Amino acid sequence: MLEDSKQIVVVGAGIGGLTTALCLKHFGLNASVYERSNEVTTAGAGIQLSPNANRVFSYLGLFDEVSALSRRCKGIKVFDYKSKSQLALFDYMKFKQDAAFLFCHRADLVGILYAACKNLKIPIYFDKKLEKIKNGEVIFSDGNVYSADIIVGADGLHSNVRKALFDEETPIFTRQIAWRSIVPNSINQDDFSHVTLAPKRHLVSYPINDGSQLNLVLIKEQNEWQPDGWKHSEDPKVVKESFKDFSGEASKIIASIESVYKWGLFRYPMKKKWYNDRVILVGDAAHPTLPFLAQGAAMAIEDSFVIASKISKFPNLSFAFTEFQRERLPRVQRIISASAKNARTFHLSNLLYRLVLHFCLRLLTKFLPHLLVKRFDWIYDHNVTNYNKLGRANKLID
């Protein structure tokens, strides 16, 4: 068991960083959180929380709060952009009725995590942009220097901790651009995620808050480079022009876009090693993934629990970090691969391939609907809070 007097610094007060601090606290370890922004950030609008992530919130005693501010996702409906008919139904209420799939607003989730940290007297400091790490000291741009026995880099895709550890490689533009918006739920969309497929494009929509709003994510392939990051505003006319051939309900919600943000999708090479003697990376800082499987936040949440459990269990940090990466690497590699495969499937442009895909989806939905859901069991049934290996009781939500 690691001594609770160890100084643990968590860099990043997003979902991953706050969850890491909470998990460390529940293992009896105290951490301080340092955030580069001047407040808790809420960019990104809606977020999908699958059961593998929610099991961690259940363990932390936060699931009821998260659920109260979320909508229960009943499944996924897949459509073609030209046809009003449904291609496929992933029915969670029938085949995953005991598992919690949620639609949540990112601001609500971060607010719950932040409040939980404050209730547990976990210190959180803002306006702390990391400059470098040297000899166990964390040095920030304001000149403040903090000693740390353990440093957890949970500062996301553009991680300053990763830059301090390794030579930063140039990210690769995937030739895809994404837009994010929140619009009125004028089509009375039910509590299903709607995925509308088109050649080199797709649209995802789902209800958030009280159901009166829809979170939209629109992705399009294009050669022109776009900046990374979620805070670049876009003229709604550009989005509407890019998706003007969509029909049915999809066209109605696209037409209602009044404010939209864009970002380019970049592939960041995953480092072979996520740690050094006292610094460890988690979430997107360690293993960035593209948003075609809705598992980016879930992987950070899973990481948070696993790194806290390893640090708690193994006094030898090198061994704890090695065990963390050994356990997590195969899973996140599979997630990244599956996300890339989804991107190719969503954006099929060859007419013959599209017709084959549509035929298979309709066939499975009609005759073997359970297989559509079951093929993702490896994602959603995963339970990092399984304490058989640690000798403690399980806390599950299903």
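Nothing here was measured: the structure is a model prediction, and the numbers come from that model.

A word on a nonpolar patch on the surface
A surface patch of nonpolar side chains, amounting to about 480 Å² of accessible area, comprises F359, L363, F367, L368 and L371. When you line up the elements, L371 lands in helix α12 (residues 369-374). L371 sits in the partly exposed class, given a relative accessible area of 34%.

As for the confidence of the model for the chain
Across the chain, the average pLDDT comes to 92, with 93% of residues at 70 or higher. Confidence drops under pLDDT 50 across residues 388-398; counting only partners more than four residues distant or on other chains, this segment forms 30 contacts.

What to know about the sheet that holds strand β16 (residues 213-221)
Ordered in space as β6-β5-β14-β15-β16-β13-β18-β17, the 8 strands form an open sheet in which the pairing is mixed. Two strands close off the open sheet at either side, each with one partner strand: β6 (86-91) and β17 (232-234). Taken pair by pair, the neighbouring strands of this sheet meet at an average axis angle of 25°, ignoring direction. Bridging between strand β5 (residues 75-80) and β6 involves 5 bridges; their strand directions are antiparallel.

A few points about the pattern of salt bridges
Summed over all chains, the structure comprises 16 salt bridges. Across the pair K128 and D142 runs a salt bridge, and its minimum N-O distance is 2.6 Å. In this pair, K128 is assigned in the loop between β8 (124-125) and β9 (130-134) and D142 in the loop between β10 (137-140) and β11 (145-147), connecting sequence segments 14 residues apart. Among the residues examined, K128 registers a relative accessible area of 8% and is labelled buried. For D142, a relative accessible area of 41% translates into the label partly exposed. Through salt bridges with shared partners, one network takes in K96, K374, D377 and D381.

What to know about the packing of aromatic side chains
Enumeration according to the criterion identifies 21 aromatic pairs in this entry. Centre to centre, the rings of Y34 and F140 are 5.1 Å apart; their planes meet at 25°, and the pair counts as stacked. Taken together, the residues Y34 in strand β2 (residues 31-34) and F140 in strand β10 connect sequence positions 106 residues apart. Under the relative-accessibility criterion, Y34 is labelled buried at 4%. Classification of F140 by relative accessible area gives buried; the value is 2%. Look at Y81 and F246: their rings are 5.5 Å apart centre to centre, the planes differ by 55°, and that puts the pair in the tilted class. Here Y81 is found in the loop between β5 and β6, whereas its partner F246 is found in the loop between α7 (236-242) and α8 (248-255), with 165 residues between them in sequence. Members of the aromatic cluster, each reached through a chain of ring pairs, are F90, Y92, F101, F376 and Y380. The cationic tip of R201 hangs over the ring face of F243; the distance from NZ or CZ to the ring centre is 5.9 Å.

Regarding the sheet that holds strand β3 (residues 46-49)
Spatial strand order, β3-β7-β4: 3 strands in an open sheet with antiparallel pairing. The sheet is open, and its two borders are formed by β3 and β4 (70-72), each paired with just one other strand. On average, adjacent strands in this sheet sit at an angle of 25° to one another, irrespective of strand direction. Alignment of β4 against strand β7 (residues 102-105), held across 3 bridges, turns out to be antiparallel. Residue pairing in the sheet places R71 in a bridge with F103 of β7.

Cut-offs used in this document
- Residues numbered from 1 in each chain as written.
- Predicted model: local features only at pLDDT ≥ 70, side-chain atom pairs only at ≥ 80, totals over all residues.
- Heavy atoms only, no water.
- Patch = residues over 30% accessible without salt bridge, like charges linked within 9 Å, V, L, I, M, F, W, Y side chains within 5 Å.
- Areas by Shrake-Rupley, 256 points an atom, 1.4 Å probe, with all protein chains shown as cover.
- Salt bridge = Lys/Arg side-chain N within 4 Å of Asp/Glu carboxyl O.
- Helix = DSSP H or I, 4+ residues; strand = E, 2+ residues; numbered from the N terminus.
- Buried < 20%, exposed > 50% of the residue type's maximum accessible area, 1.4 Å probe, protein only.
- pLDDT = per-residue confidence, 0-100.
- Contact = heavy atoms within 4.5 Å.
- Pairing = 2+ DSSP bridges.
- Axes fitted to C-alpha atoms, helices over the stretch in contact; angles between N-to-C directions.
- Phe/Tyr/Trp six-rings, centres within 6.5 Å; stacked < 30°, edge-to-face > 60°.
- Lys NZ or Arg CZ within 6 Å of the ring centre and 35° of its normal.

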